[in-house]
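Notes for the structure review
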Number of protein chains: 4
Amino acid sequence: MALGFSLGLLWSLPGNRLSHPQGAKTIMPLTPEQQEDVARARAQSTETRRVTVPALEEILYQPTHVLDHGFVRVIDYMGDDGAVVQAARVSYGKGTKKASEDRGLIRYLIRHRHTTPFEMCEIKFHVKLPIFVARQWIRHRTANVNEYSARYSILDKEFYIPAPEQMAMQSSANHQGRGEVLEGDEAARALELLREDAETCYRHYAEMLNEDEDGNSVDPGKKGLARELARMNLTLNTYTQWYWKIDLHNLMHFLSLRADPHAQYEIRVYAEIMLDQLKRWVPLVHEAFTDYRTGGAFFSAAAMGVVKDLIGGKEPTQDSSGLSKREWRELMELLERPEE
Amino acid sequence: MALGFSLGLLWSLPGNRLSHPQGAKTIMPLTPEQQEDVARARAQSTETRRVTVPALEEILYQPTHVLDHGFVRVIDYMGDDGAVVQAARVSYGKGTKKASEDRGLIRYLIRHRHTTPFEMCEIKFHVKLPIFVARQWIRHRTANVNEYSARYSILDKEFYIPAPEQMAMQSSANHQGRGEVLEGDEAARALELLREDAETCYRHYAEMLNEDEDGNSVDPGKKGLARELARMNLTLNTYTQWYWKIDLHNLMHFLSLRADPHAQYEIRVYAEIMLDQLKRWVPLVHEAFTDYRTGGAFFSAAAMGVVKDLIGGKEPTQDSSGLSKREWRELMELLERPEE
Amino acid sequence: MALGFSLGLLWSLPGNRLSHPQGAKTIMPLTPEQQEDVARARAQSTETRRVTVPALEEILYQPTHVLDHGFVRVIDYMGDDGAVVQAARVSYGKGTKKASEDRGLIRYLIRHRHTTPFEMCEIKFHVKLPIFVARQWIRHRTANVNEYSARYSILDKEFYIPAPEQMAMQSSANHQGRGEVLEGDEAARALELLREDAETCYRHYAEMLNEDEDGNSVDPGKKGLARELARMNLTLNTYTQWYWKIDLHNLMHFLSLRADPHAQYEIRVYAEIMLDQLKRWVPLVHEAFTDYRTGGAFFSAAAMGVVKDLIGGKEPTQDSSGLSKREWRELMELLERPEE
Amino acid sequence: MALGFSLGLLWSLPGNRLSHPQGAKTIMPLTPEQQEDVARARAQSTETRRVTVPALEEILYQPTHVLDHGFVRVIDYMGDDGAVVQAARVSYGKGTKKASEDRGLIRYLIRHRHTTPFEMCEIKFHVKLPIFVARQWIRHRTANVNEYSARYSILDKEFYIPAPEQMAMQSSANHQGRGEVLEGDEAARALELLREDAETCYRHYAEMLNEDEDGNSVDPGKKGLARELARMNLTLNTYTQWYWKIDLHNLMHFLSLRADPHAQYEIRVYAEIMLDQLKRWVPLVHEAFTDYRTGGAFFSAAAMGVVKDLIGGKEPTQDSSGLSKREWRELMELLERPEE
């Protein structure tokens, strides 16, 4: 339906809002109209005095598909690895001025949590995602957001149905994760319920609205319920979309939480795509970030004591360590030691 | 109590999570257990050297009901009218030190948008609200939020069904509001759809979870779907709840947008209750806020020209004013002049 | 001196840090080295698929001088008028899709304080400014800042000495502004004190540091005081510099406060330059902003009553209006009516 | 000069602004008037239904002195350890409901960087500090601030002069720290310069103002320079003061940076006092914070490899480790191993 305005930077699936076949479980190919929109935006090329990043320009505006109907695409950006270095040098002065030291400086900044130089870069994404994922995502308050509004417009008939290998049971080990995958009848039944309920709710949403794509009544004998009310009938796996703009520091914070193995799968897949986009944009920052944040670990004072004892050949125990059982177990996992 | 934890400050409807009769359309009375929780919190009384506000203490912890299952209650607060004055005097110095001038000073601060003194007061609410309302609310990023998580816990079977007089059609005048109320069969059918779809979706949610209140399997032959997945089957009118903490300046900004006639009814009713709570907390700030923000109006340079012309007895027209038709219409409405 | 790193985007006055003649009261011309830095940055030109703004590109990296040693220059930007429109259309949907309506849409957004679309644009400045101005500026917390650090580096010998026509007495009318200009001996004496004290303090700062530009001891018999300590001897009119990055919405908020006649002259001159840069960057936003924010006025409910009475030919008085004397006076000034 | 207003919550040194003996290097005792202000505030005692923290109430309003003229005092607070637990349980639900598990839950939240529950507590300080310290402090943008304004009011004649044992030379090891202490003539000369320049600048500031404490002309033949201009003649060690309000999460972030050994001494002494106040307020949070943040350490993926090798009895070297020399040295220091 065609936001499809001239600049062509936001779109969904025109022409088939109320009718396109759902649940095909394959990546939805773009319609010709959308492909044209992206192609047009990508074809524009102007001269700029600003810093540019060719590796990121290469994929600018291009959606990367995720889940069954979602995508992420980079719409705009400001700055590069050099802009971080430049900002750091304003603060830390002439002691670090050799260009060859850029990589070391960026690693130093990440290691010591000097965050302000990373705030000097900015990136803007266009994301399509299920509402229950959007609700987790929006908790990060340090970004700018413009979301497609169901008060003003009609949502497309698109909802997330997990792939069979994602249909997992509640984890027994912790209160938040997933355990083993459901199989057989139980899985089939759950998938059927998810699909049927989403479809039924959407069909009734459309019926209550009583509007076609041009805003005309479907049944002229009816008035139609206000959009801001009808939307409440939709299920939480319905897709929404937004522009999301954030600085590099806060993006890394978001990614460190959402690309983490403890994050829910349905948001983690977005974060993983964004990690790739980060790598194209600021490769030195990406390398340092990966080494220090996603691959690193934090040790408490007590845990440091255990580590030093182990290195010194002593045999610390949970009892002697001052750590709780849970802390001890987490530490042994980090050190890849079989729990005694 | 609970969420039933010992401190008793958050609760929903224990004992009937999966089964209580829905749609009674009357305000849900608290269970005896909840009444006890509130009573216990309200019974506590300690000495403090801090500033206190008796009118707000009077209603502390007490839920004010709203919509069919929602509520707002004040859980904690810091500061009062005097704390605003005190902070302003730090900034603006000795010229304003007479206590009798507090009201004038507060009005001056509001009039001239000096916002930092209002940031010195803080308030914490516990709110129960439908998810589609929570999605509007959360756009205000300057607050602190802890929301009940459906990844960890099971949501109650409670969803918002509008009262009949709220079932309105889409406004033809603008793209966002509601027009006249739906009546007869169309209204009855829509209410039935809303109720049935919410109930069906919730029933299937419970079935997929396969858990009773104590986390045991209902059907031991089934594994149950992870909570973080099952929740996506719920409709957007399902109730959630959160703690929401904000400073006085940002609260007023929130209220100026959400207590406005253009705000959606379902969020406005919350804002109106919070306006009453604001009045108890900081009566001088409330008075100035009401006069300047919710009752006031902003005029552009061009609109100021029209106002001066009108006062001077001239007869400005839309053409001569430099205003667009829309701007002219909005201005004439503000000045309560019949459109010519 | 040369932070002078390869990208050439930050610099001050190389070669004469401890010795250049001060107080010439003319705009300090750039050194050849700096002119080269700017020229090199301006000479770079690459292809981009991003939105560009030729009018802003024209002045990119070019410093605009202000006060006696200060400047502002735009270093980078993201987005344009179209990006605001695009973001608004994501939120408000298909009802507003004609390109011809961009201007009206932007005016509508400003008039109704819909702020999120303006957050989709970002701009980065490099600013050189006196420390007492920096202290006012930094109160705006919604920007990203990297300031030249006097813990790590040595500040240049540059301080602000007001032009004679800026040497004003304390205003008797209010507690914050300036009144009439000082003249004769008193002005001369004050200027002399400002200049002498700044010079003496700087000379002693340099003496305590005991470092030349390359970090070598000036007097090998002395150790030199740590930079983080020595800096405390500098006066508040010493110049500092920073990168300052902000989104368009928060930039307008900053400008509405700092380009205001009530703002201190020494920060207002910066805001006025930035208003010109805003005009190059987002001309439609600038026009709406100027009309609504800097040229407009806010009326309280009571003031609206007075306005309506005046238009209706009545003769409201301060007594009858419910306004305080101060409010009445401010209103009459806005309406340009001689106070009775 | 006596802000000394009725509520008595802000004050400085009345009656001796232009004359009290400076540099006595002993803690300035409060004047009788100030002692009365604090005593009056501390004497108030009212009933509240809110959570109170007796250990913090004990020191409420009471200034703790720091440096030569500075202080920190807690003015107000909201919440306690229990409020953190309560907020976490809203989010993480019934799985953690035993009161006996509060300590473990708080440690878990800190260890896994779950920050939102800590945002539910708030604290307000009144701080008196040198301007160059205030400039570091204000970089933390997530707090609310109201600072004494030298545009509106006259600053007291109070400036920071370091104790002799704080007069250190620039560190040769890094670009920011201090090295060994200066002694003999060089130290004496520097102290003399700091004191004399601050006194001279202040004397000229007062002369340019030409105002006594009541705002009357000292020399009726002169007009006096506007306060907003005269202040620029002050040195950066002049004291200012502010109210500073922050939530518990952001306070811990501030303290982890500013109570760190790498922080400048003059801000670290404030942070250390605030750590004590934190301990009184939220002892469980303080304990976890101390163990995990100030006593803990972060290891990169590569550093983790070295640690595992060392525990396994291997002999990793800088070369084999993938770490830079600097990273290797920092790691060996953390593990307290003599560098080979």
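Thresholds, definitions, all that
- Residues numbered from 1 in each chain as written.
- Chains lettered and ligands numbered in written order.
- Predicted model: local features only at pLDDT ≥ 70, side-chain atom pairs only at ≥ 80, totals over all residues.
- Heavy atoms only, no water.
- Helix = DSSP H or I, 4+ residues; strand = E, 2+ residues; numbered from the N terminus.
- Buried < 20%, exposed > 50% of the residue type's maximum accessible area, 1.4 Å probe, protein only.
- Contact = heavy atoms within 4.5 Å.
- Areas by Shrake-Rupley, 256 points an atom, 1.4 Å probe, with all protein chains shown as cover.
- Core = buried A, V, L, I, M, F, W, Y, C linked by side-chain atoms within 4.5 Å.
- Least-squares fit on C-alpha atoms with pLDDT ≥ 70 in both.
- Pairing = 2+ DSSP bridges.
- Axes fitted to C-alpha atoms, helices over the stretch in contact; angles between N-to-C directions.
- Buried area = accessible area lost by both parts, 1.4 Å probe.
- Salt bridge = Lys/Arg side-chain N within 4 Å of Asp/Glu carboxyl O.
- Polar contact = N/O pair within 3.5 Å; in protein donor to acceptor, adjacent residues only side chain to side chain.
- Nonpolar A, V, L, I, M, F, W, Y, C, P; charged D, E, K, R; others polar.
- Expected span 1.5 Å × (residues − 1).
- Parallel < 35°, antiparallel > 145°, perpendicular 65-115°, else oblique.
- Left-handed = near helix turned anticlockwise from the far one by under 90°.
- pLDDT = per-residue confidence, 0-100.
- Phe/Tyr/Trp six-rings, centres within 6.5 Å; stacked < 30°, edge-to-face > 60°.

Section: the overall build of chain A
Scanning chain A from N- to C-terminus turns up 13 helices and 9 strands. In chain A, which comprises 340 residues, the share counted as buried stands at 61%. For chain A, restricting intrachain contacts to residue pairs at least 6 apart in sequence, the fraction spanning at least 24 positions comes to 70%. For chain A, the exposed area adds up to about 12,500 Å²; of that, 51% sits on carbon and sulfur atoms.

Regarding the nonpolar core
Ranked by internal contacts, the top residues of the largest apolar core, which has 181 residues, are Trp137, Trp244 and Trp281 of chain C together with Trp137, Trp244 and Trp281 of chain D. Not counting residues within four places of it along the chain, the set of residues in contact with tryptophan 244 of chain C comprises Ile123, Lys124, Phe125, Trp137, Ala143, Asn144, Val145, Leu251, Phe254 and Met274 of chain C. Counting residues in each nonpolar core, the second largest holds 179 residues, with Val53, Ile123 and Trp137 of chain A together with Leu191 of chain B among its members.

Quick word on the relation of the copies chain B and chain A
Least-squares fitting of chain B to chain A yields an RMSD of 0.0 Å, with the transformation described by 0.0 Å of translation along the axis and a rotation of 180 degrees. The symmetry that links the two subunits is that of a two-fold axis. Minimal C-alpha distance to the rotation axis in chain B is attained by threonine 235 of chain B, lying at 2.1 Å.

Some thoughts on the sheet that holds strand S2 (residues 64-66) of chain D
Residues and elements named next belong to chain D. Strand order across the open sheet formed by 5 strands is S2-S3-S4-S8-S5, with antiparallel pairing between neighbours. Strands with a single pairing partner mark the edges of an open sheet, and in this sheet they are S2 and strand S5 (144-147). Neighbouring strand axes in the sheet, compared pairwise and without regard to direction, differ in orientation by 20 degrees on average. Here S2 runs beside strand S3 (residues 70-78); their pairing, made up of 3 bridges, is antiparallel. Within the sheet, the bridge partner assigned to histidine 65 lies in S3 and is phenylalanine 71.

Section: the sheet that holds strand S3 (residues 70-78) of chain A
All names here are of chain A. Spatially, 5 strands are ordered S2-S3-S4-S8-S5 in an open sheet, and the strand pairing comes out antiparallel. The open sheet has two free edges, formed respectively by strand S2 (64-66) and strand S5 (144-147), since each of these has just one partner strand. Across the sheet, the axes of successive neighbouring strands diverge by a mean angle of 25 degrees, strand direction being ignored. Against the sheet, helix H8 (residues 248-258) makes contact with strand S4 (122-130) and strand S8 (239-247), and its axis sits at roughly 130 degrees relative to S8, the strand it touches most.

Some points on the pairing of S3 of chain D
Along S3 of chain D, 9 of the 9 residues are buried, which leaves the element largely enclosed by surrounding structure. With antiparallel pairing between neighbouring strands as the criterion, S2 of chain D and S3 of chain D make up a hairpin whose turn holds 3 residues, including leucine 67 of chain D at a positive phi of roughly 50 degrees.

Some points on the interface of chain B and chain A
Taken together, the contacts link 56 residues of chain B with 57 residues of chain A. Interface area, chain B with chain A, both sides summed: about 5,500 Å², of which 53% is carbon and sulfur. It is Arg151, Lys223 and Met232 of chain B in chain B that bury the most area against chain A; as a group they hold 13% of the surface buried on that side. Remark: the boundary between chain B and chain A carries 8 salt bridges. A salt bridge links glutamate 207 of chain A to arginine 189 of chain B; its shortest N-O distance comes to 2.8 Å. For the pair chain B and chain A, the interface holds 34 residue pairs in polar contact (both at pLDDT 80 or more). The element that contributes the greatest number of residues to the side of chain B that touches chain A is helix H6 (residues 184-209) of chain B, accounting for 11 residues. Grouping the amino acids of the side of chain B that touches chain A by side-chain chemistry returns 25 nonpolar, 15 polar and 16 charged.

Regarding helix H9 (residues 265-281) of chain A
With 17 residues, H9 of chain A ought to run about 24 Å at 1.5 Å a step, and its terminal C-alpha atoms sit 24 Å apart, in line with that. Among the residues of H9 of chain A, Glu266, Ile267, Val269, Tyr270, Ala271, Ile273, Met274, Leu275, Gln277, Leu278 and Trp281 of chain A are the ones counted as buried.

Brief notes about the packing of helix H8 (residues 248-258) of chain D against helix H9 (residues 265-281) of chain D
All names here are of chain D. Closest axis-to-axis distance for the H8/H9 pair is 9 Å, and the angle between their directions is 140 degrees. In terms of axis orientation, H8 runs oblique to H9. H8 and H9 meet at a crossing whose hand is left-handed. Contacts between H8 and H9 involve Leu248, Leu251, Phe254, Leu255 and Arg258 from the former and Ile267, Arg268, Ala271, Met274, Leu275, Leu278 and Trp281 from the latter. Tallied by class, residues from the contact of H8 with H9 come to 10 nonpolar, no polar and 2 charged.

Focus on the environment of tyrosine 202 of chain D
Residue and element names in this part refer to chain D. With respect to the helices and strands, tyrosine 202 occurs in helix H6 (residues 184-209). A residue is classified by how much of its surface remains accessible, and tyrosine 202, at 2% relative accessible area, is buried. Spatially, the C-alpha atoms of tyrosine 202 and valine 285 are 43 Å apart, while their sequence positions differ by 83 residues. At a separation of 2.6 Å, a polar atom in the side chain of tyrosine 202 contacts the main-chain carbonyl oxygen of leucine 155. A distance of 3.4 Å separates a polar atom in the side chain of tyrosine 202 from the backbone nitrogen of lysine 157.

Things to note about the side chain of glutamate 158 of chain B
Relative to the helices and strands, glutamate 158 of chain B resides in the loop between strand S5 (144-147) and strand S6 (168-170). A polar contact is formed between the side chain of glutamate 158 of chain B and the side chain of lysine 128 of chain B, at a distance of 2.4 Å.

Overview of the pattern of salt bridges
It is possible for side chains bearing opposite charge to pair when their charged atoms get close. Across all of its chains, the model carries 100 salt bridges over all chains by this definition. Here arginine 135 of chain A and glutamate 147 of chain B are joined by a salt bridge, their closest N and O atoms 2.9 Å apart. With arginine 135 of chain A in helix H5 (residues 131-137) and glutamate 147 of chain B in strand S5, this residue pair bridges two chains. Judged by relative accessible area, glutamate 147 of chain B falls into the buried class, the value being 14%. Put simply, lysine 314 of chain A and aspartate 309 of chain A hold a salt bridge, and the shortest N to O gap is 3.8 Å. Overlapping salt bridges, with partners in common, bring together Arg107, Arg111 and Asp291 of chain A together with Arg326, Glu327 and Glu330 of chain D in one network.

A short note on unusual backbone geometry
One non-glycine residue, leucine 67 of chain C, lies in positive phi territory at about 55 degrees. In this fold, leucine 67 of chain C is placed in the loop between strand S2 (64-66) and strand S3 (70-78). Although it is not a glycine, arginine 113 of chain D adopts a positive phi angle of roughly 55 degrees. Among the structural elements, arginine 113 of chain D can be located in the loop between helix H4 (102-111) and strand S4 (122-130).

Focus on the confidence of the model for chain A
All names here are of chain A. Per-residue pLDDT for chain A averages 85, and the proportion of residues at 70 or more is 87%. When mean pLDDT is compared element by element in chain A, helix H2 (residues 54-57) scores highest at 98, while strand S9 (residues 297-299) scores lowest at 82. Segment residues 1-28: pLDDT under 50, and 98 contacts once partners within four positions in sequence are set aside and those in other chains are kept.

Quick word on the packing of aromatic side chains
One pass over the full model with this rule turns up 36 aromatic pairs over all chains. With 6.3 Å between their ring centres and 50 degrees between their planes, phenylalanine 298 of chain B and phenylalanine 298 of chain C make a pair best called tilted. Of the two residues, phenylalanine 298 of chain B sits in strand S9 (residues 297-299) while phenylalanine 298 of chain C sits in strand S9 (residues 297-299), which places them in two different chains. Judged by relative accessible area, which is 21%, phenylalanine 298 of chain B ranks as partly exposed. Considering the side-chain rings of tryptophan 137 of chain D and tyrosine 270 of chain D, the 5.6 Å spacing of their centres and the 75 degrees angle between planes classify their relative orientation as edge-to-face. With tryptophan 137 of chain D in helix H5 (residues 131-137) and tyrosine 270 of chain D in helix H9, this residue pair connects regions lying 133 residues apart in the sequence. No difference in accessibility class separates tryptophan 137 of chain D from tyrosine 270 of chain D, as the two residues are buried. Put simply, the rings of Phe125, Trp137, Trp242, Trp244, Phe254 and Tyr270 of chain A pair up and form one aromatic cluster.

What to know about the environment of aspartate 81 of chain A
Residues and elements named next belong to chain A. If you trace the backbone, aspartate 81 turns up in helix H3 (residues 81-92). Spatially, the C-alpha atom of aspartate 81 lies 7.2 Å from that of proline 283, the residues being 202 residues apart in sequence. Beyond its immediate stretch of four places on either side in the chain, aspartate 81 contacts Ile106, Val282, Pro283, Leu284 and Val285. Polar side-chain contacts of aspartate 81 include one of 2.9 Å to the backbone nitrogen of leucine 284.

Topic: the environment of aspartate 214 of chain D
Topologically, aspartate 214 of chain D is positioned in the loop between H6 and helix H7 (227-230). In this structure the C-alpha to C-alpha distance between aspartate 214 of chain D and methionine 332 of chain D, which are 118 residues apart in sequence, comes to 61 Å.

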